Amino acid sequence: MESISKNNAEEEKDLNKWLPVTSSRNGKWWYSAFHNVTAMVGAGVLGFPYAMSELGWGPGTAVIVLSWVITLYTLWQMVEMHEMVPGKRFDRYHELGQHAFGEKLGLWVVVPQQLLVEVGVNIVYMITGGNSLKKFHDTICNRFSTSLHCEPIKRTYFIMIFSAVHLILSHLPNFNSITIISILAAFMSLSYSTIGWAASLNKGVAPDVTYGQRASTRAGNVFNAFSALGDVAFAFAGHNVVLEIQATIPSTPEKPSKKPMWKGVVVAYTVVAVCYFPVALIGYWVFGDKVEDNILISLEKPWWLIALANMFVVVHVIGSYQIYAMPVFDMLESFLVLRMKFKPTILLRMVTRTSYVAFTMFVAITFPFFGGLLGFFGGFAFAPTTYFLPCIMWLTIYKPKKFGLSWIANWFCIIVGVTLMVLAPIGALRQIILQAKNYKFYS
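This structure is a prediction, so every number in the text was calculated from the model and none was measured.

Engineer: For this particular structure, what's the right way to read the overall build of the chain?
Structural biologist: In terms of helices and strands, the chain carries 18 helices and 0 strands. Burial analysis of the chain (443 residues in total) assigns 55% to the buried set. Contacts spanning at least 24 positions in sequence make up 86% of the contacts within the chain whose residues lie at least 6 apart. Of the roughly 19,400 Å² that the chain leaves accessible, carbon and sulfur atoms contribute 69%.

Below, the structure written as C-alpha cells:
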C-alpha cells in the first residue's frame with residue numbers, strides 16, 4: 001500500500017510538471033499584478049456607462065464602489081487560503097473547494113461555476129475582439145472611403161480572424177509563458193480605458209443629453225437594472241484565476257507566496273479603480289441614457305483615436321482570453337490524463353486546445369449578444385465565484401466568532417452576492433431575447 005501511494009504521489013508530481021498551472025513556479029509579484037489587471041480589466045469596463053444608464057447616478061455609483069470593496073476583500077481571502085495548510089498549496093480553485101466542502105462535493109460546487117465563468121469570458125471576448133476589429137476596419141474605411149473602396153464585411157469574419165490568433169497562442173505551455181502577452185494586454189487595458197473617458201470628456205456633454213430611464217415602462221426599467229447588476233459583476237471576475245496565478249509564484253515557509261501575490265493584487269486593484277471609475281462616471285455624464293453597451297461604439301471622433309482604442313481592445317482581449325483559457329486547458333488536460341488515461345503528449349495538448357478555441361469561436365459567431373451575455377454570465381456565474389463562494393469557504397474553514405467583524409463581513413458579502421446571482425440573469429435573459437428578435441444567424 002505504501003509503495004502504491006508513493007507511486008501515485010510521483011505520478012501526480014510528474015503530471016503537475018506538465019500541466020499549465022503548475023509547470024512553472026518562477027513568477028514574481030509583478031507577474032501577479034499584470035495577470036490580475038489583464039484578467040480583471042476587460043470587456044466589462046466598456047459596458048460600465050451603459051450599466052450606469054440603467055441604474056442611475058446614485059445606485060450605479062454605489063453598486064460599482066461596493067463591488068470594488070467586496071471583491072478586493074474576497075480576493076484577499078483567497079490569497080490567504082492558498083497555503084492555509086502547512087506544506088500544501090491549493091493551486092486551483094476546485095482544490096480549495098474540495099478542502100472546504102469535501103472531495104466530491106467541492107468538485108461539484110466549484111468546477112461547474114468556474115468553467116461557466118472561464119468559458120463564458122472566452123466567448124464574450126471572442127465577440128469583443130470581433131466587434132473591435134470590425135469597428136477598427138469600419139472607422140478606417142469611413143475615413144478613407146474614396147481611396148480604399150472598402151466593402152462591408154460581416155462580423156462573423158472578424159470573429160474568425162480574432163480566433164485565428166488564439167489557434168497559435170493557445171499552444172503556449174503555461175501561465176508564465178504568456179507573461180509578455182499579459183504585460184502588453186495590461187497596458188492596453190489602461191490605454192483604452194483612458195481613451196474611453198478622455199475622448200468622452202473632450203467630446204463634452206451633448207445639449208440634448210438626459211439621465212432618465214432607458215425603457216418606457218416601469219417593468220422595462222426594473223429588468224434593465226437587474227441586467228446592469230450582472231454587467232458590474234462581470235467586470236470583477238479575476239477571482240476565477242487568482243489561485244492559478246498564485247500557483248506560479250515560488251513559496252517557502254520563510255517567504256510564502258501570499259506576500260508577493262497580495263502586493264501584486266493591491267497594484268492591480270489600484271489600476272482597476274483608475275480604469276473603472278472614470279469610464280463609468282464620465283461616460284454616463286457625456287452620453288446619458290443614449291450610451292451604447294460598448295462606450296467606444298458611442299465615440300466617433302477623433303477617428304484616429306477611436307480606431308487606435310479599438311485596436312488596443314483587440315490586443316487586450318487576446319491576453320485576457322489566454323489568462324482565462326489556461327485554467328480550462330489545465331482542467332481538460334488533467335481530466336484526459338487522469339480519467340481517460342491518455343498520455344500527456346504535445347499531440348493531446350494540440351487537439352484539446354485547438355478544439356476549445358474552435359468551440360468558443362463557434363458559440364461567439366452564433367450568439368454575438370455582447371450586452372446581454374455580460375449581464376447573464378456576470379450574474380449567474382461570476383457572482384458566486386467572486387462575491388460569496390470565497391466567504392462561504394472562509395466561514396467553513398476558519399469558523400470565525402458568530403456576530404464578530406469577520407462573520408458579519410462575510411455574511412454581508414454572501415447576501416449581496418446571492419442577490420446579484422438571482423436578479424442579474426433575469427434582466428439579462430430578457431435583454432438577450434429582445435436582441436435576438438431581429439437577429440439573423442451568421443450575419
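Engineer: I would appreciate a short explanation of the packing of helix α9 (residues 155-169) against helix α15 (residues 303-338) in the present structure.
Structural biologist: Any two packed helices are characterised by how steeply their axes cross, that is the angle between the axes, and by the distance between the axes. α15 packs onto α9 with a crossing angle of 45 degrees between their chain directions and a minimal axis gap of 11 Å. Overall, the two elements α9 and α15 adopt an arrangement that is oblique. When the axes of α9 and α15 are compared, the crossing they make is right-handed. Taking contact as the criterion, the partners of Phe162, Val165, His166 and Leu169 in α9 are, on α15, Val314, Val317, Ile318, Tyr321 and Gln322. By residue class, the composition of the contact of α9 with α15 is 7 nonpolar, 2 polar and no charged.

Engineer: It is not clear to me how unusual backbone geometry should be interpreted in this structure. Could you clarify?
Structural biologist: The phi torsion of most residues other than glycine is negative, and most of the peptide bonds are trans. Unusually for a residue other than glycine, Lys399 sits at a positive phi of about 45 degrees. Structurally, Lys399 is set in the loop between α17 (370-398) and α18 (405-436).

Engineer: Before we go on, may I ask you to explain a nonpolar patch on the surface in this structure?
Structural biologist: On the surface, Trp57, Leu201, Val205, Tyr211, Leu281 and Trp285 cluster together into a nonpolar patch covering about 500 Å² of accessible area. With respect to the secondary-structure elements, Trp285 resides in helix α13 (residues 258-287).

Engineer: Explanation requested: the packing of aromatic side chains in the structure shown.
Structural biologist: What characterises a pair of aromatic rings is the spacing of the ring centres plus the angle enclosed by the ring planes. What the rule picks out here adds up to 16 aromatic pairs. Between the aromatic rings of Trp30 and Phe34, the centroid separation amounts to 6.4 Å while the plane-to-plane angle is 80 degrees, which identifies the pairing as edge-to-face. Of the two residues, Trp30 and Phe34 are both situated in helix α2 (residues 29-40); the distance of 4 residues between them amounts to about one turn of the helix. Residue Trp30 is classed as partly exposed on the basis of its relative accessible area, which comes to 34%. Phe34 gets classed as partly exposed once you look at its relative accessible area, which sits at 22%. Summarising the aromatic geometry, the rings of Phe34 and Phe187 are spaced 5.9 Å apart at their centres and angled 45 degrees between planes, so their arrangement reads as tilted. A residue pair is termed long-range when its members are at least 10 positions apart, and Phe34 in helix α2 and Phe187 in helix α10 (residues 179-203) qualify at 153 residues. Taken together, Trp30, Tyr31, Phe34 and Phe187 form an aromatic cluster joined through their ring pairs. Above the face of the Trp29 ring, Lys263 is positioned so that its terminal group lies 4.6 Å from the ring centre.

Engineer: Got a minute to help me understand the pattern of salt bridges in this structure?
Structural biologist: If charged atoms from side chains of opposite charge come close, those side chains can pair. Tallied over the full model, the rule gives 10 salt bridges. Across the pair Lys258 and Glu80 runs a salt bridge, and its minimum N-O distance is 3.4 Å. Of this pair, Lys258 sits in helix α13 while Glu80 sits in helix α5 (residues 57-81), and the two are 178 residues apart along the sequence. The partly exposed category is assigned to Lys258, whose relative accessible area is 30%. Arg89 is paired through a salt bridge with Glu83; the nearest N and O atoms lie 3.8 Å apart. Owing to a relative accessible area of 15%, Arg89 belongs among the buried residues under this scheme. Since its relative accessible area comes to 22%, Glu83 is described here as partly exposed. One salt-bridge network, in which partners are shared between bridges, spans Arg25, Glu83, Arg89 and Asp91.

Engineer: Can you walk me through the side chain of His94 in this structure?
Structural biologist: Counting through the fold element by element, His94 comes out in helix α6 (residues 93-101). Sequence-distant contacts of His94, that is, excluding residues within four places in its chain, are made with Leu107, Val110, Val111 and Gln114.

Engineer: I would appreciate a short explanation of the environment of Ser355 in the present structure.
Structural biologist: When you line up the elements, Ser355 lands in helix α16 (residues 346-366). For Ser355 and Leu167, which are 188 residues apart along the polypeptide, the C-alpha to C-alpha distance reads 9.1 Å.

Engineer: How should the nonpolar core be read in this particular structure?
Structural biologist: It is characteristic of soluble globular proteins that their nonpolar side chains tend to be buried jointly. One finds Val41, Phe48, Val232, Phe236, Tyr276, Tyr387 and Met393 to be the most contacted residues of the largest nonpolar core, which totals 114 residues. If one sorts the elements of this core by residue count, α15 sits on top with 15 residues. Beyond its immediate chain neighbours, meaning those up to four positions away, Val41 contacts Ser189, Tyr192, Ser193, Val272, Cys275, Tyr276, His316 and Ser320.

Engineer: Help me out: how do you make sense of the environment of Val328 in this one?
Structural biologist: Considering the arrangement of structural elements, one finds Val328 in helix α15. Linking Val328 and Val21, residues 307 residues apart in sequence, is a C-alpha distance of 9.9 Å.

About the criteria used
- Counting from 1, residues in each chain are numbered in the order their sequence is written.
- In keeping with the predicted nature of the model, local features appear solely for residues at pLDDT of at least 70, side-chain atom pairs appear and are counted solely at 80 or more, and the whole-chain, interface and lining totals rest on all residues.
- Excluded from the side-chain calculations are hydrogens and water; all other atoms, namely the structure's heavy atoms, are used.
- Numbering of helices and strands runs from the N terminus, with a helix taken as a DSSP run of H or I at least four residues long and a strand as a DSSP run of E at least two residues long.
- A simple rule labels every residue: compare its accessible area, found with a 1.4 Å probe on the protein chains alone, to the largest value its type can have, and call it buried under 20%, exposed over 50%, or partly exposed in between.
- Here a residue-residue contact requires only that any non-hydrogen atoms of the pair lie within 4.5 Å.
- For the area figures, the Shrake-Rupley method with a 1.4 Å probe applies, and any residue is considered shielded solely by the protein chains shown.
- For helices, the fitted axis covers only the stretch in contact; all axes are lines through C-alpha atoms, and the angles between them, taken along N-to-C directions, range from 0 to 180 degrees.
- Should an angle lie under 35 degrees it is considered roughly parallel, over 145 roughly antiparallel, and from 65 to 115 roughly perpendicular; all remaining angles are considered oblique.
- For any pair of crossing helices, the crossing counts as left-handed if the nearer helix is rotated counterclockwise from the farther one by less than a right angle, and right-handed if it is rotated clockwise.
- Three classes are used: nonpolar for Ala, Val, Leu, Ile, Met, Phe, Trp, Tyr, Cys and Pro, charged for Asp, Glu, Lys and Arg, and polar for all others, with Gly counted as polar.
- For patch building, the residue pool is restricted to those with more than 30% relative accessible area and no salt bridge; the joining distance is 9 Å between like charges and 5 Å between nonpolar side chains (Val, Leu, Ile, Met, Phe, Trp, Tyr).
- A pair is scored as a salt bridge if a Lys or Arg side-chain nitrogen falls within 4 Å of a carboxyl oxygen belonging to Asp or Glu.
- Here the aromatic set is Phe, Tyr and Trp, taking the six-membered ring for Trp, and pairing holds for ring centres within 6.5 Å; pairs whose planes are under 30 degrees apart are stacked, those over 60 apart are edge-to-face, and all others are tilted.
- Placement of a charge over a ring requires the Lys NZ or Arg CZ to be within 6 Å of the ring centre, with the centre-to-atom vector within 35 degrees of the ring normal.
- Remark: nonpolar core denotes a set of buried residues (Ala, Val, Leu, Ile, Met, Phe, Trp, Tyr, Cys) joined through side-chain atoms within 4.5 Å.

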